[in-house]
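What follows is the residue order along each chain.
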Amino acid sequence: MSALTTFFKALAKLLVKPGQLWWGVGEIVRALCRVLRRLRRRTPCRGDAGCLRLPEAYKRPDPLIYSQHYLYSMGLAVTWDNPDIQLFEPGHGGPQSVGAPVASHALQPAHVYRVRVQVWNGSYDAPAVGLPVHLSYLSFGVATNTHVVGTTFIELGVKGSPHAPAFAFFDWMTPEAAGHYCLQARLEWSDDANPNNNLGQENVDVGATSSPAVFRFTLRNPATSRMRFAFETDTYRLPASAPCDQSPYTQGRERPRTRLAESQARWEVARREHGAGGFPVPPDWTISIDPADPFLAAGEEIDVTVSVDLSTPTGDRHATLNVNAFALEHEESHFVSGVTFQIEKA
Amino acid sequence: MPGPQYTKCFDYPSPGGPPFHETDFLGLGLKNGGIGLAFGVLTGLVVGFLVGGPIGAIVGLLVGAFSVGFTATAMAITEGANLWLYHRLVCLGGRKCAVGSIMDPPAISDLGEFDNDEFFDLALMPYAPERVKDIPADTIFDDGFQGGLLRPRADLLSELGYFEAEDAPRTHDRSKVAKKWLHCEAEGDFWVRMADLAAAMGLLGGAAAVVTAGGALAGAAAGCSWGGFFGPIGCIIGAIIGGIIGALVGAGGSKLVIDAVLEGIFETNPGDVDDANVGDEPLGPLVRGDKVVVFGEHVYDGLHEGWHEIHPLLAICKVASFKTTDGTEASFYLEWDPSFPKGSTPPSHQFDLALPELAEADMRAGLASDPFRKRATALRDRWCGLLSERFDEKVGQTQQGLDQRWTVHPAVDGCKPAASNGEFVPPH
C-alpha cells in the first residue's frame, strides 16, 4: 500500500509542473530536429583516439611571461624593459635569496648576478609541475646570438593560488668583455594552452639627455638570405598598476558570463589602451637612426646608432624610447625584436 | 571550471539497499508499467464500456493505454534517474588524485549503456599500461603507493563483489579481482536531462502506447473482416493475428521515434569547452600512453561489474615532457621497467635536486627501491598538491577577485586589490 502511495505522490509531483511539461515537449522536438540534422551530416567518428569530444575536465596550464613577440602579434605596443626579468646581487640565504636589485644596463664584467624570472599562469584550473625555464643572454641588440645560462625547473600553481606566480632563479656570470647584454627567458611546456606567450626579453639601455643622448645596439640578420631592415620608434611603457575599482578593464562593466568572453572583452580594452601605434614619439623630439634601413647579408652584424634630442623638457624625469626592428621581405614586414632606451634628465 | 558533477555517491551500507544495477532497469519498467496497467487500462476499459458501450470501451481502452504509457514512462524515468544519479556510486572517502598512464583511448558510452559519460582506464604510476595486466593484483593493491585506490573494501567485497571478467558474475575472492587499473569517467548530463524531461517523455510514452493499442485494434478489425469469411472462429483468429501485427507495427514505429528523441537528448551536451582565454589553442586529444594526473570523486561503481573508479572526473592534466640539452624528449614521470635496458638513462630528478638520482637497478626494482619510491611519491604529491589547490575554497574565492581576472598579462590588464584597511596591495 505504501508503495502505491509513493507512486501516486511522485506522479502528482510530475503533473503539478505543467510549465516543465511544455518545456520538455519543446526539448523533445528540438532533440528530434537535432537527430534529423545529424542524419544529413554525420560526425565522422566518436570515441576513437584523436577524434574525441573532450569533456570540460581536461585542463591545460598556460605558463606565461611578458612576451613581446606575442603581445605585438596581438596588436599591442611593447616595452623591452621586461617586468618579469629582474637582476639582483646574490643574497646570502640560499639559491633563491636576492640582494640589491641591479639594472640590466649597468652590469660589471665577470660578475655573478642572480636573475629572477617571474612566471605567471593564465589558467585557473591546471598547474605545471617541473616547468622548465630556460635563460640565455645575448649581445645587446636585435637578433644577436644567444648563449645559454641554464635551465631551472619550477612548480607553477593555478592562477590565484599560493604557487602563482612562481619564480625561477639563475646565477649568471657576465662575460669578461664589458658591455650591454640582453636576457631572454623561455618557458617550455608540451601541453601548453598558449605556447606563444612563453618567450620574454629584457633589452634595456639607459642614457642621459646630454643633448642629444646617443645609444648603440647591434643588429644581426639571423636569416639565411640577405635582408633589409626597418625601424619603428614609440614611447610606450607599462602603466602603473591601477586600483581595481578604477581600472578601465573593470569600470562600468558587468563580468561576462564565460571566461572566453571575459578574456575577449579584456583584450579589446587592452588594444584600445595599449595598442601598437598609439604611443608616437612627440613631435618636438628629434631622433636619428643610422643606418636607417640597413641591408644585411645572412648572419651579418652591424652597429646601429640612435641619437635622441629632447628639445622640450617634459614633466617626467625619465623618458622612454622603444626601437622595434622589422625584417622586410617581399613587401611584407616581420617583427624581429627591439630595444628600449631610458633617457634620464639631469 | 572543473568538470561537471551530476552524480552524488552514497555511503554504503545504506537504508536504500545495494547500489543500483543495470539489471534493475527492467524491474523499474515492469513495476511502474504494472501499476499503470492496473489503474489505466482496466479503469479506461470498464468506465468506457459502462458509459459508451463497445465504442466507449474502445475509446476507454485508448485513454487507458495512454495513461499506462504516460505513467510507466514518466515514473520509470524519474525513479531510474534518481537511482542512477544518487544510488549507484558508493563513496570511498572523498575526492582523490592519482598519476598514471592512459591505457585505452577515451570513449563516450553508447546510448545502449544508458549514459553519455566519457571514460578511460588509467594504469597507475609506476605500472606501464602494457604490463599492468600481468602484475599480480595483490602486488598492486598492497604497493603502499597508489594501489590503495584499487584495493577492494572488505564489506563491498563480501556483500557486493568485484569485477572478475567480462560477462562473469562478480567475485567475492580478493585474489580474483581483475581491475588492477583505475577507471575514470567524466560525466555527461543524460540522466539529469532525462529527469527534467520525465513528464514530457511520459507524453511520448503515452502516445506510443495509444499508437500500439490503436494498431492492435485496427489490426484486429482488419483480421476479423478477412477471417470473417470463415465464420466467427475465423474472425477471432484473424483478429488475434491482425491485432498482434498491428501492435507490432505501432510499437515499432513508436520505438523509432522514441529512439530518435533519446539520441537527440543524448547528444545535447557534448562537453564543449568555453572557459579558455584568447590565444588558447584547441585541446589536443588524450590518447593511449599519455601520462596524466586525474582528480575526482573516488567511488565504487555498483552499476556494472563493480570496481573502484574516479567518478566524476573533475580535472585531468597531462604530465608534460620537455627537451633535454641533447634534444631528446624527457619527462619526470616514472615507469617501473623490470627489464630496464643497460646503458639507458633513468628520468631526471631536476625538478627537485634534493631527491636521489636513480640508477638502472632502481628502475628495475620499481617501488621496491627506496629512491624510486621517494621520487614517485614526490612527483605524485607535487602534482596532486597543486591540482588540489584548484578545488580549494579559498583559492576559488581568490580567483574571483578582480586582481586575478587579468588575461593579457598582470602588468598590462592587471590591477591592485583594495586591502581591508583601505590601502592598496599589489597582487602576491
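Residues numbered from 1 in each chain as written. Chains lettered and ligands numbered in written order. Predicted model: local features only at pLDDT ≥ 70, side-chain atom pairs only at ≥ 80, totals over all residues. Heavy atoms only, no water.

A. Expanded view of the overall build of chain A. When its secondary structure is counted, chain A shows 4 helices and 18 strands. Per-residue burial for chain A yields a buried fraction of 50% across its 346 residues. Taking the contacts inside chain A whose residues are at least 6 apart along the sequence as the reference set, 70% of them involve residues at least 24 apart. Summed over its atoms, the accessible surface of chain A is roughly 16100 Å², and 53% of this surface lies on carbon and sulfur atoms. (Helix = DSSP H or I, 4+ residues; strand = E, 2+ residues; numbered from the N terminus. Buried < 20%, exposed > 50% of the residue type's maximum accessible area, 1.4 Å probe, protein only. Contact = heavy atoms within 4.5 Å. Areas by Shrake-Rupley, 256 points an atom, 1.4 Å probe, with all protein chains shown as cover.)

B. Spatial organisation of the domain arrangement of chain A. Residue and element names in this part refer to chain A. Looking at chain A, the domain boundaries give domain 1 (3-41), domain 2 (59-202) and domain 3 (203-236 + 278-346). Each of domain 2 and domain 3 has a C-alpha centre, and these two points are 23 Å apart. Of the residues lining the interface, 22 residues belong to domain 2; the matching set on domain 3 comes to 27 residues. Summed over both sides, the interface of domain 2 with domain 3 buries roughly 2100 Å², with 58% coming from carbon and sulfur. When the buried surface of domain 2 facing domain 3 is broken down by residue, Trp80, Phe140 and Val142 rank first, second and third, together holding 35% of it. At the junction of domain 2 with domain 3, the criterion picks out 0 salt bridges. Taken together, the links from domain 2 to domain 3 amount to 6 residue pairs in polar contact (both at pLDDT 80 or more). Going through the elements one at a time, helix H3 (68-73), strand S6 (141-142), strand S9 (181-187) and strand S10 (199-202) are the ones with two or more residues in the side of domain 2 that touches domain 3. The greatest single-element share of the side of domain 2 that touches domain 3, amounting to 3 residues, is contributed by H3. Across the side of domain 2 that touches domain 3, the residue classes tally to 10 nonpolar, 10 polar and 2 charged. (Domains from an automatic or database assignment. Buried area = accessible area lost by both parts, 1.4 Å probe. Salt bridge = Lys/Arg side-chain N within 4 Å of Asp/Glu carboxyl O. Polar contact = N/O pair within 3.5 Å; in protein donor to acceptor, adjacent residues only side chain to side chain. Nonpolar A, V, L, I, M, F, W, Y, C, P; charged D, E, K, R; others polar.)

C. Seen up close, the confidence of the model for chain A. Residues and elements named next belong to chain A. On average, chain A scores 84 in pLDDT, and the residues at 70 or more come to 83%. Mean pLDDT across the secondary structure elements of chain A bottoms out at helix H1 (residues 2-15), with 65, and peaks at strand S1 (residues 63-64), with 97. For the stretch residues 41-53, pLDDT sits under 50, and the model shows 24 contacts to residues farther than four places along the chain or on other chains. (pLDDT = per-residue confidence, 0-100.)

D. View of the packing of aromatic side chains. All chains considered together, the criterion is met by 21 aromatic pairs over all chains. Relative to A:Phe341, the ring of A:Phe217 has its centre 6.3 Å away and its plane inclined at 40°; by these criteria the two rings are tilted. In this pair, A:Phe217 is assigned in strand S12 (residues 213-220) and A:Phe341 in strand S18 (residues 332-344), connecting sequence segments 124 residues apart. By the burial criterion, A:Phe217 is buried, and A:Phe341 matches it. Pairing B:Phe322 with B:Phe332 gives two aromatic rings, centres 5.1 Å apart and planes at 45°, and the pair type is tilted. Residue B:Phe322 is found in strand S7 (residues 322-323), and its partner B:Phe332 is found in the loop between strand S8 (329-330) and helix H7 (360-365); the two are separated by 10 residues along the sequence. This pair shows no difference in class: B:Phe322 is buried, exactly as B:Phe332 is. Directly above the aromatic system of B:Trp307 lies the positively charged group of B:Lys179, at a separation of 3.9 Å from the ring centroid. One residue, B:Arg390, lies across the ring of B:Phe391, its end atom 5.6 Å from the ring centre. (Phe/Tyr/Trp six-rings, centres within 6.5 Å; stacked < 30°, edge-to-face > 60°. Lys NZ or Arg CZ within 6 Å of the ring centre and 35° of its normal.)

E. Quick peek at unusual backbone geometry. Following A:Ala164, the chain continues into A:Pro165 via a peptide bond in cis, with omega recorded as 0°. Tracing the sequence through the fold places A:Pro165 in the loop between strand S7 (146-156) and strand S8 (166-173). Of the consecutive residues B:Met125 and B:Pro126, the connecting peptide bond is found in the cis state with omega at 10°. Here B:Pro126 lies in the loop between strand S3 (118-124) and helix H2 (137-141). Located in the positive-phi region is A:Ala110, a residue other than glycine, with phi close to 50°. The class for A:Ala110 is partly exposed, based on a relative accessible area of 35%. Phi is positive for B:Asp167, close to 60°, though the residue is something other than glycine.

F. Quick peek at the nonpolar core. Counting 97 residues, the largest nonpolar core has A:Val117 and B:Val294 as the members making the most contacts within it. A total of 8 residues in this core trace back to one element, the largest contributor, which is helix H8 (residues 370-389) of chain B. Among residues more than four places away in sequence, those in contact with A:Val117 are A:Ile65, A:Asp84, A:Val133, A:Leu135, A:Ala166, A:Phe167, A:Ala168, A:Phe170 and A:Ala185. Counting 29 residues, the second-largest nonpolar core is a separate cluster that includes A:Phe140, A:Phe217, A:Trp285 and A:Phe341. (Core = buried A, V, L, I, M, F, W, Y, C linked by side-chain atoms within 4.5 Å.)

G. Seen up close, the side chain of B:Glu187. Residues and elements named next belong to chain B. You can see Glu187 is positioned in the loop between strand S4 (182-186) and helix H4 (190-196). Among buried charged residues, Glu187 stands out as having no salt bridge; its nearest opposite-charge side chain is Arg88, 6.1 Å away. A polar atom in the side chain of Glu187 sits 2.6 Å from the backbone nitrogen of Tyr6. Side chain to side chain, Glu187 and His311 meet in a polar contact 3.0 Å long. (Lys, Arg positive; Asp, Glu negative; His and termini not counted.)

H. Focus on the sheet that holds S7(A). Residue and element names in this part refer to chain A. One open sheet holds the 4 strands; their spatial order is S7-S5-S9-S10, and the pairing between them is antiparallel. Either end of the sheet is taken by a strand with one partner, and the two such strands are S7 and S10. Across the sheet, the mean angle from the axis of one strand to that of its neighbour is 20°, orientation sign disregarded. As defined by bridge partners, strand S5 (residues 128-139) adjoins S7 across 10 bridges and the pair is classed as antiparallel. (Pairing = 2+ DSSP bridges. Axes fitted to C-alpha atoms, helices over the stretch in contact; angles between N-to-C directions.)

I. Representation of the pattern of salt bridges in the model. Enumeration according to the criterion identifies 22 salt bridges over all chains in this entry. For A:Arg228, the salt bridge goes to A:Asp293, with nearest N and O atoms at 3.8 Å. Residue A:Arg228 is found in strand S13 (residues 227-234), and its partner A:Asp293 is found in the loop between strand S14 (285-290) and strand S15 (295-296); the two are separated by 65 residues along the sequence. Owing to a relative accessible area of 32%, A:Arg228 belongs among the partly exposed residues under this scheme. Linking B:Asp301 and B:Arg88 is a salt bridge whose minimum nitrogen-to-oxygen distance equals 3.3 Å. With B:Asp301 in strand S5 (residues 291-301) and B:Arg88 in the loop between helix H1 (24-86) and strand S1 (89-102), this pair connects stretches of sequence that are 213 residues apart. For B:Arg88, a relative accessible area of 0% corresponds to the buried category.

J. Quick peek at the side chain of B:His311. Here B:His311 is to be found in strand S6 (residues 307-318). With residues near it in sequence (within four places) discarded, B:His311 still touches B:Thr7, B:Arg88, B:Leu89, B:Asp117, B:Glu185, B:Glu187, B:Glu297, B:Val299 and B:Asp301.

K. Structural context of the state of the cysteines. Considering all chains together, one arrives at 3 disulfides over all chains under this definition. Covalent S-S linkage joins A:Cys244 and B:Cys415, the inter-sulfur distance amounting to 2.0 Å. Looking down the S-S bond of the A:Cys244 and B:Cys415 bridge, the torsion is 85°, so its handedness is right-handed. With A:Cys244 in the loop between S13 and helix H4 (259-274) and B:Cys415 in the segment after helix H10 (410-413), this residue pair bridges two chains. B:Cys415 carries the same exposure label as A:Cys244, and that label is buried. One disulfide bridge connects B:Cys97 with B:Cys384, the sulfur atoms lying 2.2 Å from each other. The sign of the -80° torsion about the S-S bond sets the B:Cys97-B:Cys384 disulfide as left-handed. Placement of the pair is B:Cys97 in strand S1 and B:Cys384 in helix H8, with a sequence separation of 287 residues. Neither residue differs from the other here; B:Cys97 and B:Cys384 are each classed as buried. B:Cys97 provides the cysteine sulfur closest to B:Cys184, a residue in no disulfide bond, and the two sulfurs are 11 Å apart. Here B:Cys317 stays unpaired: no disulfide links it, and the sulfur of B:Cys97, its closest cysteine neighbor, is 8.9 Å away. (Disulfide = S-S within 2.5 Å.)

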